[in-house]
Each structure stands twice: as structure tokens, then as C-alpha cells.
Amino acid sequence: ADLHYLKEMDPDLGEPMGMDEDEWTYGVDDVNQIYPNIYHSAYHTAESKEKLTELGITHILSMGDEFTEHFKGEYTYKICPLSDDEDQDVQQFFRDGIRFIEDAIENDGVVLVH
């Protein structure tokens, strides 16, 4: 996965530094396969039936309290109610998230994490 842009982010602006606007795309196609049968993306991908089908996604792990089961009944969801707050204890969601991913893979699933 090419994550070079993370090093170039300006935390105050939330925009990439040293990149033209047309080089910075963020949406449905911004997906990285991080391990066999495990993909990572922004929420845009999780809301694109076409992209989910293309990737063969069967399970969606959502890391955020603002997310819902966009295609309820069509995918297996796990929503970790993580708030977008720098003081949020992210570790409390690791065990359940890892278990969800492992269960999916053991059952020949393909997981999208966002």
C-alpha cells in the first residue's frame, strides 16, 4: 500500500502538502489491500455497492460511531463506536475488530475496514 501521503499531511489544514489538488483523490477507488482478503479504505467505498461487489467484499468493519449498516442484510457488519476524538481509547476496539476479521477470513470472507 502506498501511504506516502500520510507523511506529507499538514495536521492543521488536513490537506496534503506538496501535491496538486488533482493528485489528491479521496473516494470510492482509494482502496488498499493490506493482506489477502483484507482491504482498507475510507467510508466512500463502504457506501458503493459497485465497488464492494468488484472487490468481493462480504464483511465490513466500520471504525466510527457515525457509521451505519448502509446495505443491511447484504453484508456482515461490525461497527465499533469509535468517536473522532484524539482522547478516544482505540485499543478497546482491537479485540472485537480482530475477532471479526479472523471469523470472516476463516469462513472465506473478504473484509473491508474503514
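Right, let's walk through the structure included here. (Residues numbered from 1 in each chain as written. Predicted model: local features only at pLDDT ≥ 70, side-chain atom pairs only at ≥ 80, totals over all residues. Heavy atoms only, no water.)

### Remarks on the pairing of strand β3 (residues 31–35)
Reasoning step 1: Note that β3 and strand β4 (residues 38–41) share 4 bridges and pair antiparallel. Looking at β4, one finds that Q33 is bridged to Y39.
Reasoning step 2: The hairpin turn running from β3 into β4, its antiparallel successor, is 2 residues long, and N37 in that turn takes a positive phi close to 70°. (Pairing = 2+ DSSP bridges. Helix = DSSP H or I, 4+ residues; strand = E, 2+ residues; numbered from the N terminus.)

### Notes on the pattern of salt bridges
Two side chains that carry opposite charge are able to pair once their charged atoms sit near each other.
Reasoning step 1: Applying the stated criterion to the full structure yields 3 salt bridges.
Reasoning step 2: A salt bridge links E74 to K49; its shortest N-O distance comes to 2.1 Å. Highlighted residues: E74 in the loop between β5 (59–63) and β6 (76–80) and K49 in helix α3 (residues 49–55), separated in sequence by 25 residues.
Reasoning step 3: Across the salt bridge formed by E54 and K51, the nearest N and O atoms sit 3.1 Å from each other. Taken together, the residues span about one helical turn, with E54 and K51 both in helix α3 at a distance of 3 residues. (Salt bridge = Lys/Arg side-chain N within 4 Å of Asp/Glu carboxyl O.)

### Digging into helix α4 (residues 94–106)
Reasoning step 1: Relative to the 18 Å expected for 13 residues at 1.5 Å per residue, α4 spans 18 Å between its end C-alpha atoms, a close match to the ideal helical length.
Reasoning step 2: Buried within α4 are the following residues: G97, F100, I101 and A104. Down the axis of α4, the smallest arc covering the buried residues is 95°, so these residues share one side. Looking at α4, the residues exposed on the side facing more than 90 degrees away from the buried face are R95 and E106.
Reasoning step 3: Looking at the buried side of α4, the elements it contacts are β4, β5, β6 and β7 (111–113).
Reasoning step 4: D108, located one to two residues past α4, shows a positive phi value of around 60°. (Expected span 1.5 Å × (residues − 1). Buried < 20%, exposed > 50% of the residue type's maximum accessible area, 1.4 Å probe, protein only. Arc of directions from axis to C-beta. Contact = heavy atoms within 4.5 Å.)

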